[in-house]
Amino acid sequence: MSATRTGWWRWVPLTPATILLLLFLAGPIGYCVWIAFTDTQLTGASGSDFVGLDNFRRAFADDNFRNAVRLTLVFTFVSAVIGQNTLGLALAGLMRAASRPVRTLTGTLVITAWVLPEIVAAFLLYTFFRREGTLNAILDWLHLPSQNWLFTLPILAVSFANVWRGTAFSMLIYSAALSEIPREITEAAEVDGASGPRRIWYITLPMIRRSIGTNLMLNTLSTLSVFGLIWAMTRGGPGNRSQTLPVFMYDQAFLKSLIGYGTAVALLLLLVGSLFSIVYLRLMKVEV
Amino acid sequence: MRRTTRARLTANGALLLTAAAFALPLVWLLLASVNAEADLRVRVPSSVTAENYDAVLTDEITFTPMLNSLLLCGGSTLLTVVCAAFAAYPLSRHRSRFSRPYLLTILFTTCLPITAIMVPVYGLFVQVNLIDTTYGTGLFLATSQLPFAIWLMKNFMDGVPVVLEEAAWTDGATSLQTLTRVVLPLMGPGLTVVTIYTFIQLWGNFFVPFMLLLSPEQLPASVSIFTFFGNYGSVIYGQLAAFSILYSVPVLLLYILIARRLGGGFALGGAVKG
């Protein structure tokens, strides 16, 4: 019976998963690389010709593309790096000092926002930011000027939506990380007279720096691929003022039928994602 | 002592403020769903009504899309979990020079922005006639969840001691029998987590069915709700809120099920600890 445990065919159970991954993941990625170098269009049966780097050259010369890159950077920086990451860390830290019912209440609400389906979250934040929506109602009540957020600051509105939706992940990561810091260390620092902010800066943050790194990486990666939230809230508009790269890609490939161009954009997005993934794997020093 | 009390009060205050900000859109959802005259603001309804729910509980609005979601996501989840369990077994049990690169590739794929490949996937699906088919969409959805599912599954499987399998082997069991009769039953909670987590992810997925399914009668709830509120202006917000709740409840319940069982950080065990 030892034959069942040795030899190449003990790897046979890997086959179904590998076939699926090759067909539906590696396949499209390869196809993506190919299409990005052609002038494939949805309209007309003229087929596709190899055009080399034309799509990429065109992208870098395209104001709309540059606008999408800029908005993607803003969106990622505001919602992932500052928003989800910092708010998640703050929440996790505050929860350690807060009383139990408050902790449970906040945790439940933040996690509920995370578990809700993407499109429901988009719909809720859409109503929240609309001119007739809740945010303006609160501002009116406080006698502050209200405005049509989805029109005046669309990229900020979708960024806040992404914070609302995604902070739970950071909160959970940081809660786990903070709970692993031995009490004695913070207590010792306290006895030595280190103030709150100094304790956080010199002791807490360095001790959880690995979690900070992985969290930043994962937040950035998930934010890079946000599509439904933005599409449902603003369709990338008004004009192109909330058109991040995924929305731009969709717009070019489907609404303008430029599959080749849209795919080139997708490939760039994939490359950025891959870079982040590789850094992430390095940072993790994965043991497998 | 007084300092800790003050710190506690400050922390409670800050958290309650954040909680309120997170709660507002959710409160709107709950109140609007029972308000016959719901608009876009948080407002306590003058009278609570089930009108909105009655109006959306029809075949066209609720039952067909929810059934589509169930078939699409249930089928994909099943496929993901079965494939992931098989794949995780040799990866967890055997060492070879190719298991490490395989796992690293899997982990690498986990992080890729899947959104980016939807355009080529659409192109491929058109060419091989899988476009607008539930099973084609299901196959892609299943694959998109596979890397993370394999990774989670492998980590859970590592927790099952090999000794028990060796006993089964001595009794003459094959690898398949050992996997299904010994290993999988022993990792029940892990298997539940992978299954429910996959299902939650798929249930909420919007972009994939939005791209790959075209016929209205095949659309899952994530896309049908979008077409419902996509036509801004003519929307009855109360009904949309009611439908949103009906669509969200299954995943919220499932989440509670696994969160209770394994603590809040369940999903992170695989992704973050390595």
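Provided above is the structure to which this section pertains.
All figures in this text were calculated on a predicted structure; none of them were measured in a lab. (Residues numbered from 1 in each chain as written. Chains lettered and ligands numbered in written order. Predicted model: local features only at pLDDT ≥ 70, side-chain atom pairs only at ≥ 80, totals over all residues. Heavy atoms only, no water.)

Participant: Please set out the overall build of chain A residue by residue, giving values where relevant.
Facilitator: Within chain A, the regular secondary structure consists of 14 helices and zero strands. Ordered by position from N to C terminus, the α and β elements of chain A give α-α-α-α-α-α-α-α-α-α-α-α-α-α. Counting only residues that meet the buried cut, chain A has 53% of its 288 residues in that class. Restricting to contacts in chain A with at least 6 residues of sequence separation, those with at least 24 account for 71%. Counting only carbon and sulfur atoms, one obtains 66% of the accessible surface of chain A, whose full area is about 13100 Å². Charge-centre separation for chain A: the mean point of 22 positive side chains lies 4 Å from the mean point of 15 negative side chains. (Helix = DSSP H or I, 4+ residues; strand = E, 2+ residues; numbered from the N terminus. Buried < 20%, exposed > 50% of the residue type's maximum accessible area, 1.4 Å probe, protein only. Contact = heavy atoms within 4.5 Å. Areas by Shrake-Rupley, 256 points an atom, 1.4 Å probe, with all protein chains shown as cover. Lys, Arg positive; Asp, Glu negative; His and termini not counted. Charge placed at Lys NZ, Arg CZ, Asp CG, Glu CD.)

Participant: Which residues make up the overall build of chain B, and what values do they have?
Facilitator: When you go through chain B residue by residue, the secondary structure sums to 13 helices and zero strands. Over its C-alpha atoms, taken along the principal directions, chain B stretches across nearly 70 × 70 × 35 Å. Within chain B, residue pairs in contact and separated by at least 24 positions form 71% of the contacts whose partners lie at least 6 positions apart. Surface exposure of chain B reaches about 11800 Å², of which carbon and sulfur atoms provide 64%. For chain B, the centre of its 15 positive side-chain charges and the centre of its 12 negative side-chain charges are spaced 24 Å apart.

Participant: Quick rundown of the interface of chain B and chain A? Include the residues and the values.
Facilitator: In this assembly, 93 residues from chain B lie in contact with 95 residues from chain A. Both sides together, the interface formed by chain B and chain A hides about 8600 Å², and carbon and sulfur atoms give 79% of it. Of all residues in chain B, L15(B), F22(B) and L40(B) give up the largest surface area on contact with chain A, accounting jointly for 9% of the area buried on that side. For the interface between chain B and chain A, the tally reads one salt bridge. Between D140(A) and R41(B) there is a salt bridge, with the nearest N and O atoms lying 3.8 Å from each other. Applying the counting rule to chain B against chain A returns nine residue pairs in polar contact (both at pLDDT 80 or more). It is helix α1 (residues 2–33) of chain B that contributes the most residues to the side of chain B that touches chain A, 17 residues altogether. Along the lines of polarity and charge, the residues of the side of chain B that touches chain A split into 67 nonpolar, 20 polar and six charged. (Buried area = accessible area lost by both parts, 1.4 Å probe. Salt bridge = Lys/Arg side-chain N within 4 Å of Asp/Glu carboxyl O. Polar contact = N/O pair within 3.5 Å; in protein donor to acceptor, adjacent residues only side chain to side chain. Nonpolar A, V, L, I, M, F, W, Y, C, P; charged D, E, K, R; others polar.)

Participant: So what about the environment of L229(A)? Which residues, and what values?
Facilitator: All names here are of chain A. Within the element layout of this structure, L229 appears in helix α12 (residues 228–234). For L229, a relative accessible area of 1% translates into the label buried. Each C-alpha atom, one on L229 and one on A17, is 30 Å from the other, the two residues being 212 residues apart in sequence. Setting aside residues no more than four positions away along its own chain, L229 makes contact with E118, A121, A122, V158, A161, N162 and R165.

Participant: Run through the environment of R58(A), naming residues and quoting values.
Facilitator: Residues and elements named next belong to chain A. Mapping R58 onto the fold places it in helix α2 (residues 54–61). Relative accessible area serves as the criterion here: at 41%, R58 is assigned to the partly exposed category. Distance from R58 to F160, taken between C-alpha atoms, is 32 Å for residues 102 residues apart in sequence. Not counting the four nearest positions on each side in its chain, R58 is found in contact with L258 and Y261.

Participant: Give me the packing of helix α9 (residues 183–191) of chain A against helix α10 (residues 196–207) of chain A: which residues, what numbers.
Facilitator: Angle between the axes and distance between the axes: these two values describe a pair of packed helices. All names here are of chain A. Between α9 and α10, the least distance of the axes is 11 Å, while the angle of their chain directions is 165°. With respect to α10, the element α9 is oriented roughly antiparallel. The interaxial crossing formed by α9 with α10 has right-handed handedness. Contacts between α9 and α10 involve I185, T186, A189 and E190 from the first element and R199, I203 and M207 from the second. Grouping the constituent residues of the contact of α9 with α10 by class yields four nonpolar, one polar and two charged. (Axes fitted to C-alpha atoms, helices over the stretch in contact; angles between N-to-C directions. Parallel < 35°, antiparallel > 145°, perpendicular 65-115°, else oblique. Left-handed = near helix turned anticlockwise from the far one by under 90°.)

Participant: I'd love a proper account of the side chain of E118(A), names of residues and values included.
Facilitator: Residue and element names in this part refer to chain A. With respect to the helices and strands, the residue E118 is situated in helix α5 (residues 118–129). Despite its burial, E118 pairs with no opposite charge, the nearest such side chain being R165 at 5.1 Å. A polar side-chain atom of E118 sits 3.4 Å from the main-chain amide nitrogen of G228.

Participant: Outline the side chain of N52(B), supporting the account with residue identities and numerical values.
Facilitator: Residue and element names in this part refer to chain B. Inspection of the secondary structure assignment puts N52 in helix α2 (residues 51–56). Using a relative accessible area of 3% as the deciding quantity, one classes N52 as buried. In this structure the side chain of N52 is engaged in a polar contact, spanning 3.0 Å, whose partner is the backbone oxygen of N35. Setting aside chain neighbours within four positions, we find N52 in contact with A32, S33, V34, N35, A36, G238, Q239 and A242.

Participant: Requested: an account of the packing of helix α3 (residues 63–97) of chain A against helix α11 (residues 209–224) of chain A, with residues and values cited.
Facilitator: All names here are of chain A. Closest axis-to-axis distance for the α3/α11 pair is 9 Å, and the angle between their directions is 140°. When the axis of α3 is compared with that of α11, the two are oblique. For the element pair α3 and α11, the recorded crossing hand is right-handed. Of α11, the residues touching α3 (which contributes T72, F75, T76, S79, A80, V81, Q84 and N85) are N215, L216, N219, T220, T223 and L224. Its residues assigned to classes, the contact of α3 with α11 comprises five nonpolar, nine polar and no charged.

Participant: Pulling in residues and values, what's your account of the pattern of salt bridges?
Facilitator: Residues and elements named next belong to chain A. This model, assessed by the stated rule, comprises seven salt bridges over all chains. For R57, the salt bridge identified is with D54, shortest N-O distance 3.0 Å. Linking R57 with D54, this pair stays in helix α2, spanning three residues, or about one helical turn.

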